[in-house]
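For reference, the chains in residue letters:
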Amino acid sequence: MTNNMQMTRRTMLTGAAVAGALTPIIVASNVANADDAHSTQALKSSKKPAVDLSKLPREKVELVKPPFVHAHDQKAKGGPKIKEFTLTIQEKKMVLDKEGTEVNAMTFDGSVPGPLMVVHQDDYVELTLVNPETNTMQHNIDFHAATGALGGGALTVVNPGESTVLRFKATKAGVFVYHCAPPGMVPWHVTSGMNGAIMVLPREGLTDGHGKPVVYDKVYYVGEQDFYVPRDANGMFKKYDSPGEAYEDTVAVMKTLTPTHIVFNGAVGALTGDNAMTAKVGETVLIIHSQANRDTRPHLIGGHGEYVWATGKFQNVPDIDQETWFIPGGTAGAAVYTFAQPGIYAYVNHNLIEAFELGAAAHFKVTGDWNDDLMTSVRAPSAS
Ligand SMILES: [Cu+2]
């Protein structure tokens, strides 16, 4: 029996057995937030006066599974709103490839990545985070779009059977990662799939930075995920009954910094073939791409990033006509392209080993008329 299996459920839940550098910060924040008259008083007396949000309109948003994105306005209508979201944490087995390699994934809403949330700058995000009793782990959420309390991580630690509601003001425009960051277990939860992204649109919508609106016809969300699956003595991928059982072996692989799988949307082939994203010639597509843990470099084979916010922050002037763009780990990027030719386009991480050997590839299937002016076969390959 491994040490890991001897850990009690409670030790796993508190993370004490796997305490990391951030644990004291989160515990300290929880203490300040505890139901203790003195500390509650101290916290309140240091707060700014509450802003009255009771007059703000509320809107409940139903999230959808990536690569799809819930319906939204590109230009905000009216003033700031409170946007209500619910994310339910699901620990579940997921199959990573056609060989049946399995992980005990940890997910927001059952998918890797979690759903893309869309709001406008100065809206309030009001999130109900649910950790059902059927789960085995403590979880929380850190929004890179939020300000203070470890991005909300310190205020949202939920044990199985608990839920919490967090509200933050989306003050910065851009695409931002969110991820689980529980005390002592941050990288394990993130690399087990517990991450997603939120898009905070400028209220006037996207522009090219010189006053010209950039309007998209479609938006897709690609979440890139590195997985670290342990192997047995024969080099075969191992299977485990629960995340806790896999913990020790998985962390050993994580520490090699060598992923066994790097995939888009949870599995090799999740966005290729019949699962390809689609567009028509003439359609402008916004591609959101997040990587919560590791650097990546998206590239659209046979196309371009015509407007690219590589680090995803829309108040910056976008880069124009990029061939490949760089997204640092812990960041969500955005790229806009208007398809000009029909066909199958591969959208890859242009570390081509990661794309072709480990899985970081997707397809766009584009329909429409071929433009001979842009490209033509002058002479088909033949013996000369
Ligand atoms: Cu978690």
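Because the structure is predicted, anything quoted here is derived from the model rather than measured.

**Student:** Describe in detail the coordination of the copper ion, supporting the description with residues and values.
**Tutor:** The coordination sphere of the copper ion contains the protein donors His139 (ND1), Cys180 (SG), His189 (ND1) and Met194 (SD), at a distance range of 2.0 to 2.4 Å. One can describe the site at the copper ion as tetrahedral: its 4 donor atoms subtend angles covering 90 to 129° at the metal. The sequence pattern formed by the donor residues of the copper ion is H-x40-C-x8-H-x4-M. Of this pair, histidine 139 sits in the loop between β5 (124–131) and β6 (142–143) while methionine 194 is found in the loop between α5 (186–191) and β9 (195–201), placing the two residues 55 residues apart along the sequence.

**Student:** Could you give an account of the packing of aromatic side chains, naming the residues involved and the relevant values?
**Tutor:** How two aromatic rings sit relative to each other is given by the distance of their centres and the angle of their planes. If you walk through the whole model with that rule in mind, you get 12 aromatic pairs. Both rings, one in tyrosine 220 and one in phenylalanine 364, keep their centres 5.9 Å apart while their planes meet at 65°; by these two values the pair is edge-to-face. Of the two residues, tyrosine 220 is situated in strand β10 (residues 218–227) and phenylalanine 364 in strand β19 (residues 361–367); the sequence distance between them amounts to 144 residues. As far as the burial class goes, tyrosine 220 and phenylalanine 364 line up, both buried. Ring plane angle 45° and centroid distance 6.0 Å describe the contact between phenylalanine 264 and tyrosine 347, whose orientation is recorded as tilted. Placement of the pair is phenylalanine 264 in strand β11 (residues 261–264) and tyrosine 347 in strand β18 (residues 343–349), with a sequence separation of 83 residues.

**Student:** Explain the pattern of salt bridges to me, using residue names and the numbers behind them.
**Tutor:** Opposite charge on two side chains makes pairing possible when the charged atoms of those side chains draw close. The final tally for this structure, using the stated rule, is 14 salt bridges. Between lysine 93 and glutamate 102 there is a salt bridge; the shortest N-O distance is 3.7 Å. Residues aspartate 123 and arginine 203 are paired through a salt bridge, measuring 3.2 Å at the closest nitrogen-oxygen approach. Of this pair, aspartate 123 sits in the loop between β4 (117–120) and β5 while arginine 203 is found in the loop between β9 and β10, placing the two residues 80 residues apart along the sequence. Owing to a relative accessible area of 2%, aspartate 123 belongs among the buried residues under this scheme. Connected through shared salt-bridge partners, Arg58, Lys60, Glu84, Glu126 and Arg167 make up one network.

**Student:** Could you give me a rundown of the side chain of aspartate 97, with the residues and numbers involved?
**Tutor:** Considering the arrangement of structural elements, one finds aspartate 97 in the loop between β2 (82–95) and β3 (102–108). It is lysine 98 that comes nearest to the buried, bridge-free aspartate 97 among opposite-charge side chains, at 7.8 Å. When near neighbours in sequence (up to four residues on either side) are disregarded, aspartate 97 contacts His261 and Val268.

**Student:** Break down a nonpolar patch on the surface for me, citing the residues and quoting the values.
**Tutor:** On the surface, Ile301, Leu352 and Phe356 cluster together to form a nonpolar patch covering roughly 280 Å² of accessible area. The topology assignment puts isoleucine 301 in the loop between β14 (298–300) and β15 (305–309). By relative accessible area, which is 36% here, isoleucine 301 ends up partly exposed.

**Student:** So what's going on with the sheet that holds β18? Which residues, and what values?
**Tutor:** The strand order across the open sheet formed by 4 strands is β12-β19-β18-β14, and the pairing between neighbours is mixed. Sheet topology places β12 (277–280) and β14 at the edges, where each strand pairs with a single neighbour. Strand after strand, the sheet turns through a mean of 25° between neighbouring axes, direction not considered. Alignment of β12 against β19, held across 4 bridges, turns out to be parallel. Bridging from a neighbouring strand, methionine 277 pairs with phenylalanine 364 of β19.

**Student:** Could you give me a rundown of the sheet that holds β10, with the residues and numbers involved?
**Tutor:** Taken together, the 6 strands give an open sheet; going across it, the order is β11-β10-β13-β17-β15-β16, and neighbouring strands pair in mixed fashion. Two strands bound the open sheet, and with one partner strand each, they are β11 and β16 (319–322). The sheet shows a mean angle of 25° between the axes of neighbouring strands, direction not considered. One ladder, built from 7 bridges, connects β10 with strand β13 (residues 284–291); its direction is parallel. Note that in β13 the partner of glycine 223 across the bridge is serine 290.

**Student:** I'd like a rundown of helix α6 (residues 243–254), residues and numbers included.
**Tutor:** In a regular helix each residue adds 1.5 Å, so 12 residues correspond to 16 Å; α6 covers only 14 Å between its end C-alpha atoms and thus falls short of that length. All buried positions along α6 are accounted for by Pro243, Gly244, Ala246, Tyr247, Thr250, Val251, Val253 and Met254. An end-on view of α6 places all buried positions within 145° of arc, on one side of the element.

**Student:** Outline the nonpolar core, listing residues and values.
**Tutor:** Residues Leu87, Phe108, Met117, Phe143 and Ile198 are the most contacted members of the largest nonpolar core, which totals 34 residues. Going through the elements one at a time, β2, β3, β4, β5, β7 (162–169), β8 (174–179), β9 and α6 are the ones with two or more residues in this core. A total of 4 residues in this core trace back to one element, the largest contributor, which is α6. When sequence neighbours within four positions are dropped, the list of residues in contact with leucine 87 reads Leu63, Phe108, Asp109, Pro115, Met117, Leu127, Thr128, Leu129, Val130, Ile141 and Tyr178. Core analysis: the second largest hydrophobic core is formed by 26 residues, Ala173, Leu201, Tyr221 and Trp309 among them.

Cut-offs applied
Residues numbered from 1 in each chain as written. Predicted model: local features only at pLDDT ≥ 70, side-chain atom pairs only at ≥ 80, totals over all residues. Heavy atoms only, no water. Donors = N, O, S within 2.8 Å, 3.2 Å for Na, K, Ca; no water. Tetrahedral: all angles 85-135°; square planar, octahedral: opposite > 155°, others 65-115°. Helix = DSSP H or I, 4+ residues; strand = E, 2+ residues; numbered from the N terminus. Phe/Tyr/Trp six-rings, centres within 6.5 Å; stacked < 30°, edge-to-face > 60°. Buried < 20%, exposed > 50% of the residue type's maximum accessible area, 1.4 Å probe, protein only. Salt bridge = Lys/Arg side-chain N within 4 Å of Asp/Glu carboxyl O. Lys, Arg positive; Asp, Glu negative; His and termini not counted. Contact = heavy atoms within 4.5 Å. Patch = residues over 30% accessible without salt bridge, like charges linked within 9 Å, V, L, I, M, F, W, Y side chains within 5 Å. Areas by Shrake-Rupley, 256 points an atom, 1.4 Å probe, with all protein chains shown as cover. Pairing = 2+ DSSP bridges. Axes fitted to C-alpha atoms, helices over the stretch in contact; angles between N-to-C directions. Expected span 1.5 Å × (residues − 1). Arc of directions from axis to C-beta. Core = buried A, V, L, I, M, F, W, Y, C linked by side-chain atoms within 4.5 Å.

All quantities given are derived from atomic positions and should not be read as evidence of function.
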